[in-house]
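Reading the structure
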Amino acid sequence: MTMFNSSTTGPEVVAAFADRVAGKTFVITGASHGGLGGHTALYLASGKPAEIILLGRSLDKVSPIMSQIQETSAKTTVRFVEVDLSSLSSVRAAAAEIKSTTSKIDVLINNAGIMGAKFSLTPENVESHFGTNHIGHFLLTNLLLPALEASGSGARIINVSSAMYQFSPIRFEDYSFSNGTAYNAWEAYGQSKTANILFSVALAKKLAKKGIKSYSLHPGVIQATGLTAGVDPAAWPIVGPMFESKKIQMPKEKTVEEGCATTLAAALDPALDEYSGSFLDDCKPHEVLEYASNSSNAEKLWTLSEKIVGETFSY
(Lines give C-alpha, C1' and ligand atoms only; values in the text may rest on other atoms or scores of the structure.)
Protein backbone atom coordinates (compact mmCIF):
# COMPACT_ATOMS: atom_id res chain seq x y z
CA MET A 1 0.00 0.00 0.00
CA THR A 2 1.02 3.61 -0.56
CA MET A 3 3.41 5.10 1.98
CA PHE A 4 1.63 8.48 2.01
CA ASN A 5 -0.98 10.01 4.35
CA SER A 6 -3.08 13.11 5.03
CA SER A 7 -0.07 15.33 5.73
CA THR A 8 1.94 14.29 2.66
CA THR A 9 2.75 17.15 0.30
CA GLY A 10 2.86 17.26 -3.48
CA PRO A 11 6.59 17.95 -3.61
CA GLU A 12 7.19 14.88 -1.43
CA VAL A 13 5.26 12.66 -3.84
CA VAL A 14 7.17 13.98 -6.86
CA ALA A 15 10.50 13.57 -5.07
CA ALA A 16 9.62 9.95 -4.28
CA PHE A 17 8.80 9.16 -7.90
CA ALA A 18 10.99 11.55 -9.88
CA ASP A 19 11.92 8.66 -12.17
CA ARG A 20 8.24 8.33 -13.14
CA VAL A 21 8.13 12.02 -14.07
CA ALA A 22 11.36 12.46 -16.03
CA GLY A 23 10.85 12.42 -19.77
CA LYS A 24 7.05 12.01 -19.50
CA THR A 25 4.22 14.10 -20.95
CA PHE A 26 1.49 15.45 -18.68
CA VAL A 27 -1.76 17.19 -19.62
CA ILE A 28 -3.57 19.17 -16.92
CA THR A 29 -6.90 20.99 -17.16
CA GLY A 30 -7.61 24.00 -14.98
CA ALA A 31 -3.96 24.97 -14.54
CA SER A 32 -4.48 28.56 -13.45
CA HIS A 33 -2.05 30.43 -11.21
CA GLY A 34 -2.92 29.88 -7.55
CA GLY A 35 -5.11 26.84 -8.14
CA LEU A 36 -4.53 23.15 -7.53
CA GLY A 37 -3.88 22.47 -11.19
CA GLY A 38 -1.23 25.15 -11.41
CA HIS A 39 0.54 23.93 -8.29
CA THR A 40 0.35 20.34 -9.49
CA ALA A 41 2.13 21.40 -12.68
CA LEU A 42 4.78 23.31 -10.74
CA TYR A 43 5.56 20.34 -8.50
CA LEU A 44 5.79 18.02 -11.52
CA ALA A 45 8.33 20.39 -13.08
CA SER A 46 10.84 19.51 -10.38
CA GLY A 47 10.85 15.95 -11.77
CA LYS A 48 12.01 17.20 -15.21
CA PRO A 49 9.16 15.99 -17.44
CA ALA A 50 9.54 16.18 -21.21
CA GLU A 51 6.35 18.19 -21.68
CA ILE A 52 3.55 19.76 -19.67
CA ILE A 53 0.43 20.88 -21.53
CA LEU A 54 -1.75 23.26 -19.54
CA LEU A 55 -5.40 23.73 -20.48
CA GLY A 56 -7.45 26.70 -19.36
CA ARG A 57 -9.78 29.48 -20.42
CA SER A 58 -7.23 32.27 -20.14
CA LEU A 59 -3.57 32.47 -21.07
CA ASP A 60 -3.19 35.37 -18.63
CA LYS A 61 -4.07 33.08 -15.71
CA VAL A 62 -1.80 30.26 -16.87
CA SER A 63 1.25 32.16 -18.11
CA PRO A 64 2.73 32.73 -14.60
CA ILE A 65 2.72 28.94 -14.12
CA MET A 66 4.40 28.46 -17.50
CA SER A 67 7.15 30.88 -16.54
CA GLN A 68 7.76 29.19 -13.20
CA ILE A 69 7.91 25.76 -14.84
CA GLN A 70 10.55 27.00 -17.26
CA GLU A 71 12.57 28.44 -14.38
CA THR A 72 12.43 25.06 -12.61
CA SER A 73 13.05 22.87 -15.65
CA ALA A 74 14.37 24.76 -18.67
CA LYS A 75 14.32 21.69 -20.91
CA THR A 76 10.66 20.92 -20.28
CA THR A 77 8.38 21.96 -23.13
CA VAL A 78 5.43 23.93 -21.74
CA ARG A 79 2.39 24.72 -23.83
CA PHE A 80 -0.94 26.40 -23.23
CA VAL A 81 -4.09 25.19 -24.95
CA GLU A 82 -7.23 27.27 -24.61
CA VAL A 83 -10.38 25.38 -23.69
CA ASP A 84 -13.83 26.10 -22.34
CA LEU A 85 -14.94 22.76 -20.93
CA SER A 86 -18.58 23.82 -21.00
CA SER A 87 -18.41 24.01 -24.80
CA LEU A 88 -18.05 20.76 -26.72
CA SER A 89 -16.82 22.60 -29.81
CA SER A 90 -14.07 24.18 -27.69
CA VAL A 91 -13.15 20.78 -26.25
CA ARG A 92 -12.93 19.25 -29.72
CA ALA A 93 -10.71 22.11 -30.91
CA ALA A 94 -8.42 21.75 -27.89
CA ALA A 95 -8.10 17.99 -28.35
CA ALA A 96 -7.28 18.44 -32.03
CA GLU A 97 -4.60 21.01 -31.18
CA ILE A 98 -2.99 18.72 -28.61
CA LYS A 99 -2.99 15.70 -30.94
CA SER A 100 -1.51 17.72 -33.79
CA THR A 101 1.66 18.45 -31.83
CA THR A 102 1.89 15.70 -29.21
CA SER A 103 2.34 12.06 -30.16
CA LYS A 104 1.84 10.61 -26.69
CA ILE A 105 0.41 11.47 -23.28
CA ASP A 106 1.56 9.62 -20.18
CA VAL A 107 -0.80 11.21 -17.65
CA LEU A 108 -4.02 13.17 -18.16
CA ILE A 109 -5.15 15.09 -15.07
CA ASN A 110 -8.76 16.31 -15.34
CA ASN A 111 -8.54 18.92 -12.62
CA ALA A 112 -10.68 21.86 -13.79
CA GLY A 113 -14.07 22.48 -12.26
CA ILE A 114 -16.72 24.93 -11.08
CA MET A 115 -18.53 24.84 -7.73
CA GLY A 116 -21.71 26.29 -6.26
CA ALA A 117 -22.50 28.43 -9.31
CA LYS A 118 -25.81 30.01 -10.20
CA PHE A 119 -27.96 27.93 -12.51
CA SER A 120 -26.96 28.06 -16.16
CA LEU A 121 -26.92 25.75 -19.16
CA THR A 122 -24.08 24.86 -21.50
CA PRO A 123 -24.52 25.40 -25.26
CA GLU A 124 -25.77 21.79 -25.37
CA ASN A 125 -28.45 22.61 -22.74
CA VAL A 126 -26.73 20.69 -19.94
CA GLU A 127 -26.61 22.07 -16.40
CA SER A 128 -23.27 23.85 -16.09
CA HIS A 129 -21.65 21.80 -13.27
CA PHE A 130 -22.46 18.52 -14.99
CA GLY A 131 -21.49 19.92 -18.38
CA THR A 132 -18.20 21.49 -17.28
CA ASN A 133 -16.99 19.12 -14.57
CA HIS A 134 -17.97 15.87 -16.27
CA ILE A 135 -19.19 16.06 -19.87
CA GLY A 136 -16.33 18.30 -21.05
CA HIS A 137 -13.77 15.99 -19.46
CA PHE A 138 -15.57 12.89 -20.78
CA LEU A 139 -15.22 14.15 -24.35
CA LEU A 140 -11.66 15.45 -23.90
CA THR A 141 -10.46 12.18 -22.38
CA ASN A 142 -11.95 10.01 -25.10
CA LEU A 143 -10.60 12.24 -27.87
CA LEU A 144 -7.11 12.08 -26.33
CA LEU A 145 -7.18 8.34 -25.76
CA PRO A 146 -5.10 7.49 -28.86
CA ALA A 147 -2.28 9.62 -27.44
CA LEU A 148 -2.61 7.90 -24.06
CA GLU A 149 -2.44 4.52 -25.78
CA ALA A 150 0.67 5.65 -27.65
CA SER A 151 2.57 6.06 -24.38
CA GLY A 152 2.36 2.31 -23.87
CA SER A 153 1.06 0.36 -20.92
CA GLY A 154 1.06 2.44 -17.77
CA ALA A 155 -0.70 5.65 -18.83
CA ARG A 156 -3.02 7.13 -16.21
CA ILE A 157 -6.19 9.23 -16.26
CA ILE A 158 -6.95 11.22 -13.10
CA ASN A 159 -10.35 12.76 -12.36
CA VAL A 160 -10.32 15.25 -9.49
CA SER A 161 -13.59 14.74 -7.62
CA SER A 162 -14.64 15.72 -4.10
CA ALA A 163 -16.01 14.24 -0.89
CA MET A 164 -19.02 16.44 -1.64
CA TYR A 165 -20.08 13.84 -4.21
CA GLN A 166 -22.23 12.70 -1.26
CA PHE A 167 -24.57 15.62 -1.92
CA SER A 168 -26.14 13.86 -4.91
CA PRO A 169 -26.17 10.72 -7.04
CA ILE A 170 -26.57 11.08 -10.81
CA ARG A 171 -30.04 12.37 -11.62
CA PHE A 172 -30.28 10.26 -14.75
CA GLU A 173 -33.82 11.38 -15.59
CA ASP A 174 -33.29 15.04 -14.73
CA TYR A 175 -29.59 15.91 -14.74
CA SER A 176 -30.36 19.56 -15.55
CA PHE A 177 -32.72 20.06 -12.61
CA SER A 178 -35.86 20.69 -14.68
CA ASN A 179 -34.08 23.53 -16.45
CA GLY A 180 -33.44 25.25 -13.14
CA THR A 181 -36.83 24.99 -11.49
CA ALA A 182 -35.58 22.23 -9.16
CA TYR A 183 -32.04 23.61 -8.85
CA ASN A 184 -29.78 23.30 -5.83
CA ALA A 185 -26.21 24.47 -6.50
CA TRP A 186 -24.66 21.99 -4.06
CA GLU A 187 -26.63 19.03 -5.38
CA ALA A 188 -25.53 20.07 -8.87
CA TYR A 189 -21.91 20.14 -7.74
CA GLY A 190 -22.35 16.82 -5.94
CA GLN A 191 -23.85 15.19 -9.03
CA SER A 192 -20.88 16.32 -11.14
CA LYS A 193 -18.41 14.96 -8.58
CA THR A 194 -20.24 11.63 -8.46
CA ALA A 195 -19.91 11.61 -12.24
CA ASN A 196 -16.13 12.06 -11.92
CA ILE A 197 -15.98 8.95 -9.72
CA LEU A 198 -18.19 6.83 -11.97
CA PHE A 199 -16.24 7.96 -15.03
CA SER A 200 -13.05 6.57 -13.47
CA VAL A 201 -14.85 3.32 -12.63
CA ALA A 202 -15.92 2.96 -16.27
CA LEU A 203 -12.50 3.92 -17.66
CA ALA A 204 -10.71 1.43 -15.43
CA LYS A 205 -12.90 -1.41 -16.68
CA LYS A 206 -12.90 -0.42 -20.36
CA LEU A 207 -9.17 0.31 -20.58
CA ALA A 208 -7.78 -2.49 -18.42
CA LYS A 209 -6.67 -4.53 -21.44
CA LYS A 210 -4.80 -1.49 -22.76
CA GLY A 211 -2.88 -1.12 -19.52
CA ILE A 212 -4.33 2.35 -18.90
CA LYS A 213 -5.40 3.06 -15.32
CA SER A 214 -7.81 5.64 -13.96
CA TYR A 215 -8.48 7.11 -10.53
CA SER A 216 -10.76 9.70 -8.96
CA LEU A 217 -9.97 11.53 -5.74
CA HIS A 218 -10.81 14.03 -3.05
CA PRO A 219 -7.96 16.56 -2.76
CA GLY A 220 -9.11 18.06 0.54
CA VAL A 221 -10.62 21.43 1.37
CA ILE A 222 -8.10 24.04 0.28
CA GLN A 223 -9.12 27.62 1.06
CA ALA A 224 -6.16 29.13 -0.79
CA THR A 225 -7.41 28.21 -4.28
CA GLY A 226 -9.82 30.22 -6.40
CA LEU A 227 -12.53 27.54 -6.57
CA THR A 228 -14.84 29.33 -4.14
CA ALA A 229 -14.69 32.57 -6.13
CA GLY A 230 -17.45 31.35 -8.44
CA VAL A 231 -19.82 30.31 -5.65
CA ASP A 232 -23.19 32.05 -5.73
CA PRO A 233 -23.41 34.02 -2.45
CA ALA A 234 -26.97 32.74 -2.06
CA ALA A 235 -25.64 29.18 -1.96
CA TRP A 236 -23.43 29.58 1.10
CA PRO A 237 -26.20 29.62 3.77
CA ILE A 238 -27.54 26.22 2.67
CA VAL A 239 -24.30 24.23 2.51
CA GLY A 240 -23.86 23.81 6.27
CA PRO A 241 -27.40 22.50 6.83
CA MET A 242 -26.90 20.09 3.90
CA PHE A 243 -23.86 18.55 5.58
CA GLU A 244 -25.95 18.12 8.73
CA SER A 245 -29.10 16.76 7.06
CA LYS A 246 -27.14 14.22 5.02
CA LYS A 247 -24.95 13.34 8.03
CA ILE A 248 -21.79 14.08 6.05
CA GLN A 249 -18.61 14.82 7.95
CA MET A 250 -17.04 18.12 6.98
CA PRO A 251 -13.80 17.34 5.04
CA LYS A 252 -10.62 18.50 6.72
CA GLU A 253 -8.75 21.50 5.43
CA LYS A 254 -5.36 21.18 3.80
CA THR A 255 -2.66 23.47 2.53
CA VAL A 256 -2.18 23.77 -1.22
CA GLU A 257 0.95 21.62 -0.92
CA GLU A 258 -1.03 18.89 0.86
CA GLY A 259 -3.99 19.34 -1.47
CA CYS A 260 -1.94 18.35 -4.52
CA ALA A 261 -0.55 15.20 -2.94
CA THR A 262 -3.42 12.84 -3.71
CA THR A 263 -3.58 13.98 -7.34
CA LEU A 264 0.14 13.36 -7.70
CA ALA A 265 -0.04 9.99 -5.95
CA ALA A 266 -2.81 9.00 -8.36
CA ALA A 267 -0.58 10.04 -11.25
CA LEU A 268 2.66 8.47 -10.04
CA ASP A 269 2.47 5.95 -7.21
CA PRO A 270 3.06 2.37 -8.48
CA ALA A 271 1.52 1.02 -5.26
CA LEU A 272 -1.85 2.07 -6.71
CA ASP A 273 -1.49 -0.04 -9.85
CA GLU A 274 -3.85 -2.71 -8.56
CA TYR A 275 -6.47 -0.16 -7.50
CA SER A 276 -7.45 1.29 -10.88
CA GLY A 277 -10.97 2.68 -10.72
CA SER A 278 -10.64 3.57 -7.05
CA PHE A 279 -11.56 6.81 -5.31
CA LEU A 280 -8.56 8.13 -3.36
CA ASP A 281 -8.47 10.24 -0.22
CA ASP A 282 -5.26 11.12 1.65
CA CYS A 283 -3.37 9.30 -1.14
CA LYS A 284 -5.11 5.97 -0.41
CA PRO A 285 -8.11 4.05 -1.81
CA HIS A 286 -11.25 5.08 0.03
CA GLU A 287 -14.67 3.45 0.02
CA VAL A 288 -17.50 5.47 -1.49
CA LEU A 289 -21.29 5.23 -1.41
CA GLU A 290 -22.77 2.47 -3.52
CA TYR A 291 -24.29 4.83 -6.09
CA ALA A 292 -20.82 6.17 -6.86
CA SER A 293 -19.14 2.79 -7.22
CA ASN A 294 -21.86 0.74 -8.90
CA SER A 295 -20.63 -0.55 -12.27
CA SER A 296 -24.11 -0.43 -13.78
CA ASN A 297 -24.37 3.26 -12.84
CA ALA A 298 -20.95 3.82 -14.41
CA GLU A 299 -22.11 2.21 -17.65
CA LYS A 300 -25.42 4.11 -17.58
CA LEU A 301 -23.51 7.39 -17.15
CA TRP A 302 -21.19 6.46 -20.03
CA THR A 303 -24.19 5.90 -22.31
CA LEU A 304 -25.81 9.17 -21.21
CA SER A 305 -22.53 11.04 -21.77
CA GLU A 306 -22.20 9.59 -25.27
CA LYS A 307 -25.73 10.75 -26.04
CA ILE A 308 -24.97 14.28 -24.86
CA VAL A 309 -21.73 14.58 -26.86
CA GLY A 310 -23.27 12.89 -29.88
CA GLU A 311 -20.46 10.36 -30.25
CA THR A 312 -19.84 6.78 -29.15
CA PHE A 313 -16.59 5.40 -27.75
CA SER A 314 -16.07 1.63 -27.60
CA TYR A 315 -13.00 -0.03 -26.13
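Residues numbered from 1 in each chain as written. Predicted model: local features only at pLDDT ≥ 70, side-chain atom pairs only at ≥ 80, totals over all residues. Heavy atoms only, no water.

1. Side note on the environment of Phe 4
- Checked against the element boundaries, Phe 4 lands in the segment before helix H1 (10-16).
- Exposure remark for Phe 4: the relative accessible area of 6% places this residue in the buried category.
- Separated by 265 residues in sequence, Phe 4 and Asp 269 have C-alpha atoms that sit 9.6 Å apart.
- Beyond its immediate chain neighbours, meaning those up to four positions away, Phe 4 contacts Val 13, Ala 16, Phe 17, Ala 265, Asp 269, Asp 282, Cys 283 and Lys 284. (Helix = DSSP H or I, 4+ residues; strand = E, 2+ residues; numbered from the N terminus. Buried < 20%, exposed > 50% of the residue type's maximum accessible area, 1.4 Å probe, protein only. Contact = heavy atoms within 4.5 Å.)

2. A short note on the packing of aromatic side chains
- The full count for this structure, using the stated rule, is 13 aromatic pairs.
- Relative to Trp 302, the ring of Phe 138 has its centre 5.0 Å away and its plane inclined at 80°; by these criteria the two rings are edge-to-face. You can see Phe 138 sitting in helix H5 (residues 128-150) and its partner Trp 302 sitting in helix H11 (residues 295-309), a full 164 residues away along the chain. Residue Phe 138 shares its accessibility class with Trp 302, and that shared class is buried.
- Residues Phe 177 and Tyr 183 carry aromatic rings whose centres are separated by 5.7 Å and whose planes lie at 85° to one another, so their mutual orientation is edge-to-face. (Phe/Tyr/Trp six-rings, centres within 6.5 Å; stacked < 30°, edge-to-face > 60°.)

3. Concerning the pairing of strand E5 (residues 156-160)
- Summarising burial for E5: five of the five residues are buried, a large majority.
- With burial as the criterion, each face of E5 is covered, one bearing Arg 156, Ile 158 and Val 160 and the other bearing Ile 157 and Asn 159.
- Bridge analysis of strand E4 (residues 107-110) against E5 gives four bridges, and the strand direction is parallel. The residue bridging Asn 110 from the neighbouring strand is Asn 159, located in E5.
- With respect to chirality, the unit in which E4 leads through H5 into the neighbouring parallel E5 is right-handed.
- Of the strand pairs in this sheet, E5 and strand E6 (residues 213-218) are connected by five bridges, and their pairing is parallel. Looking at E6, one finds that Asn 159 is bridged to Ser 216.
- Considered for its hand, the β-α-β crossover made up of E5, helix H6 (residues 185-207) and E6 is right-handed. (Pairing = 2+ DSSP bridges. Right-handed = clockwise from strand over helix to strand, strands pointing away.)

4. Things to note about helix H7 (residues 236-245)
- Among the residues making up H7, those that are buried are Val 239, Met 242 and Phe 243. Taken end-on, H7 shows its buried residues confined to a sector of 100°, consistent with a single buried face. Of the residues in H7, the exposed ones pointing more than 90 degrees away from the buried face are Pro 237, Glu 244 and Ser 245.
- Against H6 lie the buried residues of H7. (Arc of directions from axis to C-beta.)

5. Concerning the nonpolar core
- With 44 residues, the main nonpolar core has Leu 55, Ile 98, Phe 130, Leu 148 and Ile 157 as its most contacted residues.
- Going through the elements one at a time, strand E2 (51-56), helix H4 (88-101), H5, H6 and H11 are the ones with two or more residues in this core.
- By residue number, the principal contributor to this core is H5, which donates ten residues.
- In this structure, Phe 4, Ile 52, Ile 69 and Leu 280 belong to the second largest nonpolar core, which totals 40 residues. (Core = buried A, V, L, I, M, F, W, Y, C linked by side-chain atoms within 4.5 Å.)

6. A look at the sheet that holds E6
- In space, the eight strands of this open sheet follow the order E3-E2-E1-E4-E5-E6-E7-E8, with mixed pairing throughout. Looking along the sheet, the strands with just one partner apiece sit at the ends: strand E3 (77-82) and strand E8 (284-285).
- For strand E1 (residues 25-29) and E2, the ladder comprises five bridges, and the chain directions are parallel. Bridging across to E2, Thr 29 finds its partner in Leu 55.
- Its contacts with the sheet place H5 against E1, E2, E4 and E5, and it is angled at close to 175° to E4.
- Strands in contact with helix H9 (residues 261-268) are E1, E4, E5, E6 and strand E7 (279-281); relative to E5, the strand with the most contacts, it is inclined by about 160°. (Axes fitted to C-alpha atoms, helices over the stretch in contact; angles between N-to-C directions.)

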